[in-house]
Amino acid sequence: MNANLLQTPIDYLKGVGPSRAKVLKTELGIQTYGDLLNFFPNRYLDKTRFYKINELQRNSADVQIVGKITHIKSVEQKRGKRLVADFVDSTGKMELVWFRGQKWIRENLKINTPYVIFGKTNWFNGVFSMPHPEMELVEDYKKQLRTAMQPVYPSTEKLAKAGISNRVINKITQQLFLEAKGRFFESLSEEILQEFKLISKSEALFNIHFPKSQELLAKAQFRLKFEELFYIQLQLIRKNLLHKKKIKGYVFEKVGENFTNFYNEHLPFDLTGAQKRVIKEIRNDLGSGAQMNRLLQGDVGSGKTIVALMSMFIALDNDFQACLMAPTEILSVQHYNGLIDLCKELNTSIEILTGSTKTSKRREIHEKLENGEIDILIGTHALLEDKVQFKNLGLAVIDEQHRFGVAQRARLWKKNDLPPHILVMTATPIPRTLAMSLYGDLDISVIDELPPGRKPIKTVHRYDANRLKVFAFIREEIKKGRQVYIVYPLIQESETMDYKDLMDGYESIAREFPEFQISIVHGQMKAEAKDYEMDRFVSGETQIMVATTVIEVGVNVPNASVMIIESAERFGLSQLHQLRGRVGRGAEQSFCILMTGHKLSEDSKTRLQTMTTTNDGFEIAEVDLKLRGPGDLMGTQQSGVLNLQIADIVKDNDILKTARHLAIKVLKEDPNLQLEKNKVLHHTFAQISRKKTIWNYIS
Ligand code: ADP
Ligand code: MG
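As annotated in an unreviewed UniProt entry, the protein chain carries the name ATP-dependent DNA helicase RecG and is attributed to Salegentibacter flavus. Under the UniProt heading Sequence similarities (unreviewed entry), the entry covering the protein chain gives this text: "Belongs to the helicase family. RecG subfamily."

This is how it looks when you write it as structure tokens:
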């Protein structure tokens, strides 16, 4: 079809008009014919079958009946009126019921005229009834473009209010197909269509809106999902290739004094094989001449910090500075203390900058940073402020990446002429294929081995009713010299209910354990108070830490061996796993106790069971992904994977893999899509790139 037609503003489509156009634009983002064409149904109803009234079962969903209205009446009920119509066919009688819009309905219903009705039926007082049926005069019904499967389009309250029902969308889409004469540009090459046995674009679009059969619908869905995922992968991979070629990075050719000295003289332990491998990967990147953009995945406690430090040493050895960003104040302080400790016999200059750094200190840091007196700067988002200017930042390490967006990563770049190398560390295990489609521009390293001597954490589930036994256990462990975390859910830091739970919990713990010292940390505390409480726990002054999830990421207290998670059913799997990772960092046997009430949903049961049966972060991530889908996976909330039109990164993982393979193959052979056979791909790719940048998908 004429490409211009697809650009036509939706206002011009027959049956739309200015007021509907306005709602379509604001509610669904449908601006043009093309947008409407790509607005796909999210489910389909099988309307091939007609029921007779005497065939109805109690509670049938989605039944379709032909009959006539014989009588309409208003019935008073406790809360307002309802409108009831008697509806009959040759086999019996039932009722149609409306609670809303009664006046309009009453005025428009025709008596003794055949209707097709569709909806869900109830059985009440010996009569079948159908509330708010979809209705159409048989006369009109016959004129419509009929298909086996009836599409149901996503709707919103505002759309419904504006009268843009499913039927209206269906009708204007029919109109669009009429005007386009059902012909649309093919967007995949002949070669690809043949290799993967895909139906044509025109056929796919027709069958996605008006499926002729189940089989054709499935083919249409497959073709469109394949296409969508293929072009995303094409963009990601192409960007990655370009990136390697074009974005130059500083070349760190030497491994010098800092690195070697530390490695030979000051390493507090032997590195694991995985740590060595990852350091090697990073060294290669840093010497390659291209900017490093590497994601380092490693389960909690796998020892990412030392990898970060050694990478930073390479930067220092080449006369560059490095920085380490963490998402919270507590974490920054821990990193600072940890690195100071590791470097205590070296003369590395390390500073920390956070939101609570005093103005005078802040000025001093700014100055020393600019004249190069500071080697490593650690801190929170405060590092991204404009005033923070490095003399020559060579490497930025970002811990727990999911709290920093792509835009923020980019912000660091502006601070010098060449972008610094970037190492992003995360303990949130992201299944590899998902990671590739989310962070296609990052290379991935994995630490898949824990330091030796770690005893796997024992995890159990206990009901609230057994709390006394749990308390007795806590007491025993503390008497052995251990420390204990007790964590309360805090879904949103502002939720007063959660705050109350935490405080109630704190009080009952304080009553129960008068002989012990207790720290408390939560999101509403001032930074200094938090630090003070944290410090007391880290130094062993307090034995119990009552906290919300602020302690989730990174906090390291090797002597803590018990993690109690209250209302564990309210946490997501990845959060539970992160929390559990706070213990099991020392030589002692550690425990994680998941406390819940008796009432548990199926999903909660699965989560608890997963936690008690495995310690493997990747396995847990897979279950998490299945339970929640990618939209909720930590770190992907803002990723926009949900902007996908038809494919689902989790459910369509197989298609994703195939599409990714294909994209790699195509670009290897023809990086700029210049070959004759790839003309279609070139054209479509250019169109997509003009409209959406890849950041629509991944930032
Ligand atoms: P994470 O990957 O969660 O950031 P850390 O870097 O905080 O893990 O390391 C967790 C603990 O393990 C720290 O106490 C650290 O000193 C220790 N550790 C790291 N690597 C090793 C190793 N190879 N051998 C022994 N202990 C190690
Ligand atoms: Mg860490």
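Read on, since the account is not over.
(A) How the structure looks around the sheet that holds strand E19 (residues 518–521). Strands sit in the order E17-E22-E21-E18-E20-E19 across an open sheet of six strands; the sheet is parallel. The sheet is open, and its two edges are formed by strand E17 (458–463) and E19, each paired on a single side. Strand-to-strand twist of the sheet, defined as the mean angle between neighbouring strand axes without regard to direction, takes the value 20°. In this sheet, strand E20 (residues 544–547) lies alongside E19 in parallel orientation, the contact comprising four bridges. Note that in E20 the partner of Ser 519 across the bridge is Met 545. Here helix H18 (residues 467–479) sits on the sheet in contact with E17, strand E18 (483–487), E20, strand E21 (560–565) and strand E22 (591–596), set at roughly 160° to E22.

(B) Structural detail: the sheet that holds strand E15 (residues 421–426). Sheet architecture is open: seven strands sit in the order E12-E13-E11-E14-E15-E10-E16, paired in parallel fashion. With one partner strand each, in any of the chains shown, strand E12 (350–353) and strand E16 (443–447) form the two edges of the open sheet. Direction aside, the axes of adjacent strands within the sheet are offset by 20° on average. Direction of pairing for strand E10 (residues 293–298) relative to E16: parallel, over a ladder of five bridges. Counterpart to Arg 294 in the pairing with E16 is Asp 443. In the packing of helix H12 (residues 273–287) onto the sheet, contacts are made with E10, E15 and E16, and the angle to E16 comes to roughly 160°.

(C) Looking closely at the packing of aromatic side chains. For the structure on display, the rule yields 18 aromatic pairs. Relative to Phe 184, the ring of Phe 177 lies with its centre 5.3 Å away and its plane at 75°, an arrangement referred to as edge-to-face. On the accessibility criterion, Phe 177 (7% relative accessible area) is buried. For Phe 184, a relative accessible area of 7% gives the class buried. In this structure an aromatic cluster arises from ring pairing among Phe 177, Phe 184, Phe 206 and Phe 210. Seen from the ring of Tyr 51, Arg 49 lies directly overhead, with NZ or CZ sitting 4.0 Å from the centre.

Calculation criteria
Counting restarts for each chain: residues are numbered from 1 in the order of the written sequence. As a convention, the first chain written is A and the first ligand written is 1, with the rest following in written order. The predicted origin of the model limits local features to residues at a pLDDT of at least 70 and limits the giving and counting of side-chain atom pairs to 80 or more, whereas totals for whole chains, interfaces and linings rest on all residues. For side-chain calculations, the full set of non-hydrogen atoms in the structure is used, while hydrogens and water are omitted. UniProt positions are given in the numbering used here, feature names are shortened, and annotations may be inferred rather than shown by experiment. In this scheme, strands are said to pair when DSSP sees at least two bridges between them. Only DSSP runs of H or I with at least four residues qualify as helices, and only runs of E with at least two residues qualify as strands; both kinds are numbered from the N terminus onward. In this analysis an axis means a line fitted to C-alpha atoms, helices contributing only their contacting stretch, and an angle means the value between N-to-C directions, from 0 to 180 degrees. We call two residues in contact when some of their heavy atoms are within 4.5 Å. Whether two aromatic rings pair depends on their centres lying within 6.5 Å, for rings of Phe, Tyr and Trp, where Trp uses its six-membered ring; planes under 30 degrees apart make the pair stacked, over 60 edge-to-face, and the rest tilted. Exposure classes here rest on a 1.4 Å probe applied to the protein chains alone. A residue is buried below 20% of its type maximum, exposed above 50%, and partly exposed in between. Put simply, a charge is over a ring when the Lys NZ or the Arg CZ is close to the ring centre, within 6 Å, and near the line of the ring normal, within 35 degrees.

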